[in-house]
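Examining the three-dimensional arrangement
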Amino acid sequence: MTTTILDPVAVTENGSSTTTKRVLLLKPRGFCAGVVRAIDIVRIALETFGAPIYVRKEIVHNSYVVNDLAKKGAIFVNELDEVPEGARVIYSAHGVSPAVRQRAKDRGLKVVDATCPLVTKVHVEAIKFARQGYSLVLVGHRDHEEVEGTQGEAPEVTQVVSTVEEVEALVVPDPNKVAYLTQTTLSLDEAKYMIDALKKKFPNIVGPHAQDICYATENRQTAVKNVAHGADVVLVVGSRNSSNSNRLVEVSQNLGTNSYLIDKAEDIQPEWLEDAKTVAVTAGASAPEVLVQEVVGYLQTRGYGSVDEVEVMPENVRFGLPPEIVQAIASAPQPAQ
Ligand code: SF4
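Since we're looking at a predicted model, the values are computed, not measured. (Residues numbered from 1 in each chain as written. Predicted model: local features only at pLDDT ≥ 70, side-chain atom pairs only at ≥ 80, totals over all residues.)

**Section: the site of the ligand**
Near the ligand there are 15 residues, and of these Cys 32, Gly 34, Cys 116, Thr 184 and Cys 214 occur at the shortest range. In terms of residue count, the dominant contributor to the shell around the ligand is helix 2 (residues 33-49) (three residues). Taken together, the residues of the shell around the ligand break down into ten nonpolar, five polar and no charged. (Near = placed C-beta within 6 Å. Helix = DSSP H or I, 4+ residues; strand = E, 2+ residues; numbered from the N terminus. Nonpolar A, V, L, I, M, F, W, Y, C, P; charged D, E, K, R; others polar.)

In structure tokens, the structure reads:
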């Protein structure tokens, strides 16, 4: 495999016109810093505290990751009522509402919080705007756990919208005192469209200092945008319930390039590849690299002999572990010298 530090023009101009069947492997792809941290937290908790460790909801939205951690002793539950009193529970990377935190306290649970720091940032903004007396509009998918958690910070003043029609139907006590926030994993284009609609309806609306869509979501979408024109098909490795993975498919489709979301190589339908000379492969922020490599391996067996990794931008973000885990590591017995 060769790695190209992106010359997107060269990639897109040469892409679909090539006569050799080839794979363009996008970079950055796959695990983001929040997902790495969340998985590390479960793994370290299992190693230091021992199984079982309960995890509220899927730690990240990927079935392979969840099954792998379940095999190691993690027990995934939907709600804290399923966790025995006094047991240890980990909150997923998508975050929880204050009501869930209170429930954990009431049940005497030992909590380890794997909420991504970039989700926590949005929670802090929600608290700040609500304290300042704003009505809050949260742009996002209302059935997503992250949105439930953020909305839960100020439920009495927060309304969730996911379409322009919902923006137009909004009713607030004071149209001059409205703030917006967004889910971290939206499509950048869709979010801009929604924010423009909000600004039209509420000209004095305020928003966060820096966009809520996280760096990993943005970088993976930018990589697809740079390469989709030069590909015949874009395959996105990720699970059905992974928001950022679904958005990658949409970004490609909006550019006119067929795109499919696959959990694993076996999901690829041969007809998708008919007449496809150039197949671009990427992965959502919760999809492990092992699944990407299986997809590449499958494509190679189908005649895609050349694999070029196309690096659109470097990505070196890392997040520290939460104090409960740092302490657990520090107090774990040291191996004999
Ligand atoms: S996708 Fe973004 S917000 Fe979600 S866990 Fe990764 S870095 Fe955090």
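There is more to say, and it comes next.
**Quick notes on helix 5 (residues 117-131)**
Taking 1.5 Å as the rise per residue, helix 5 with 15 residues should run 21 Å; its terminal C-alpha atoms sit 21 Å apart, in good agreement. Three or more residues of helix 5 are buried, namely Leu 118, Val 119, Val 122, His 123, Glu 125, Ala 126 and Phe 129. Looking down the long axis of helix 5, one finds its buried residues gathered within 160° of arc, a one-sided arrangement. Opposite the buried face of helix 5, at more than 90 degrees from it, the exposed residues are Val 124 and Arg 131. For helix 5, the secondary structure elements touched by its buried residues are helix 2, strand 7 (135-139), helix 6 (145-151), strand 8 (158-161) and strand 9 (178-182). Positive backbone phi, approximately 90°, marks Gly 133, located one or two places after helix 5. (Expected span 1.5 Å × (residues − 1). Buried ≥ 20, exposed ≤ 12 C-beta atoms within 10 Å, placed from the backbone. Arc of directions from axis to C-beta. Contact = placed C-beta atoms within 7 Å.)

**Observations concerning unusual backbone geometry**
Following Lys 27, the chain continues into Pro 28 via a peptide bond in cis, with omega recorded as 5°. Here Pro 28 is to be found in the loop between strand 2 (22-27) and helix 2. In this structure, the amide linkage connecting Ala 51 to the following residue, Pro 52, adopts the cis form with an omega of -5°. With phi around 65°, Lys 57 is a residue other than glycine that occupies positive phi space.

**A short note on the domain arrangement of the protein chain**
Split by domain assignment, the protein chain resolves into domain 1 (2-32 + 214-311), domain 2 (33-115) and domain 3 (118-201). Each of domain 1 and domain 3 has a C-alpha centre, and these two points are 31 Å apart. Each partner contributes to the interface: domain 1 provides nine residues, whereas domain 3 provides nine residues. Broken down by secondary-structure element, the contributors of at least two residues to the side of domain 1 that touches domain 3 are helix 9 (215-227) and helix 10 (243-254). (Domains from an automatic or database assignment.)

**Quick notes on the packing of helix 9 against helix 10**
Geometry of a packed helix pair, given as the angle between the helix axes and the separation of the axes. Remark: helix 9 packs on helix 10, axes separated minimally by 9 Å, with the N-to-C direction vectors making an angle of 25°. In terms of orientation, helix 9 and helix 10 fall into the roughly parallel class. Of the two possible hands of crossing, helix 9 and helix 10 adopt the one that is right-handed. Contact residues: helix 9 offers Thr 217, Arg 220, Gln 221, Val 224 and Lys 225, while helix 10 offers Asn 244, Arg 247, Leu 248, Val 251 and Ser 252. Split by residue class, the contact of helix 9 with helix 10 holds three nonpolar, four polar and three charged. (Axes fitted to C-alpha atoms, helices over the stretch in contact; angles between N-to-C directions. Parallel < 35°, antiparallel > 145°, perpendicular 65-115°, else oblique. Left-handed = near helix turned anticlockwise from the far one by under 90°.)

**Concerning the nonpolar core**
Ala 38, Val 42, Ile 59, Ile 90 and Leu 136 are the most contacted members of the largest nonpolar core, which has 60 residues in total. Take this core: its biggest share by element is seven residues, from helix 2. Grouped together as the second largest cluster of nonpolar side chains are 31 residues, Ala 228, Val 234, Ala 287 and Leu 299 included. (Core = buried A, V, L, I, M, F, W, Y, C linked by C-beta atoms within 7 Å.)

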